[in-house]
Amino acid sequence: MPAKRLTPKAAALAWWKERVDQQRYVVLSAESRSAATRRFLRANGLVLEVARGRVWILTEPDQSDPRGIFLRNYWAVIAQVMASYPPSQVAGATAVGLHLGELTP
């Protein structure tokens, strides 16, 4: 008997749960290969898109403070974006200056 295909909803929820169980709350949006999964996650408030949609912060549907969620995950978002540009890094005094808005990347 062939394996049962998941509905887009079931696939999206499984994708989301897998990452939450791994405590990976900040991920590249490209990790979701399925357009249907991406649509479901966005439409149901399970992701907060940041960095022009390149990075997702996994959330719960009833999240009421997107800015607070982003600020709590700020450095994890920066790490995801910077991972695309090795050997770039933001560390030490440069990181503090950037965070305070005194420098530009």
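Analysis parameters
- Residues numbered from 1 in each chain as written.
- Predicted model: local features only at pLDDT ≥ 70, side-chain atom pairs only at ≥ 80, totals over all residues.
- Heavy atoms only, no water.
- Helix = DSSP H or I, 4+ residues; strand = E, 2+ residues; numbered from the N terminus.
- Buried < 20%, exposed > 50% of the residue type's maximum accessible area, 1.4 Å probe, protein only.
- Contact = heavy atoms within 4.5 Å.
- Areas by Shrake-Rupley, 256 points an atom, 1.4 Å probe, with all protein chains shown as cover.
- Pairing = 2+ DSSP bridges.
- Axes fitted to C-alpha atoms, helices over the stretch in contact; angles between N-to-C directions.
- Arc of directions from axis to C-beta.
- Salt bridge = Lys/Arg side-chain N within 4 Å of Asp/Glu carboxyl O.

**Some words on the overall build of the protein chain**
- Regarding its fold elements, the protein chain presents five helices and three strands.
- Per-residue burial over the protein chain gives 30% buried out of 105 residues.
- Across the protein chain, the fraction of contacts at a sequence separation of at least 24, relative to all contacts at a separation of at least 6, is 47%.
- A total of about 7,400 Å² of accessible surface is found on the protein chain, and carbon and sulfur atoms cover 56% of it.

**What to know about the pairing of strand β2 (residues 47-50)**
- The pairing of β2 with strand β3 (residues 55-58) spans four bridges and is classified as antiparallel. Along β3, the bridge assignment pairs V50 with V55.
- Count of turn residues in the β2/β3 antiparallel hairpin: four residues, of which A51 carries a positive phi of about 55°.

**As for the sheet that holds β2**
- The three strands lie next to each other as β1-β3-β2, forming an open sheet whose pairing is antiparallel. Of all strands in the sheet, those with a lone pairing partner are β1 (26-28) and β2, marking the two edges. Each strand of the sheet is rotated relative to its neighbour by a mean of 30°, with strand direction disregarded.
- Pairing analysis gives three bridges linking β1 to β3, with the strands arranged antiparallel. Considered in β3, the bridge of V27 is made with W56.
- The strands touched by helix α1 (residues 8-21) are β1 and β3; relative to β3, the strand with the most contacts, the crossing angle is about 75°.

**Re helix α2 (residues 35-43)**
- Considered for burial, the residues of α2 that qualify are T37, F40 and L41. Down the axis of α2, the buried side of the element spans an arc of 95°, and every buried residue falls inside it. Turned more than 90 degrees from where α2 packs its buried face, R39 and A43 sit exposed.
- Residues of α2 that are buried sit in contact with α1, β2 and β3.

**Thoughts on the pattern of salt bridges**
- Taken as a whole and judged by the stated rule, the model has five salt bridges.
- Across the pair R19 and E18 runs a salt bridge, and its minimum N-O distance is 4.0 Å.
- With its nearest N and O atoms 3.9 Å apart, the salt bridge here joins R42 to E49.

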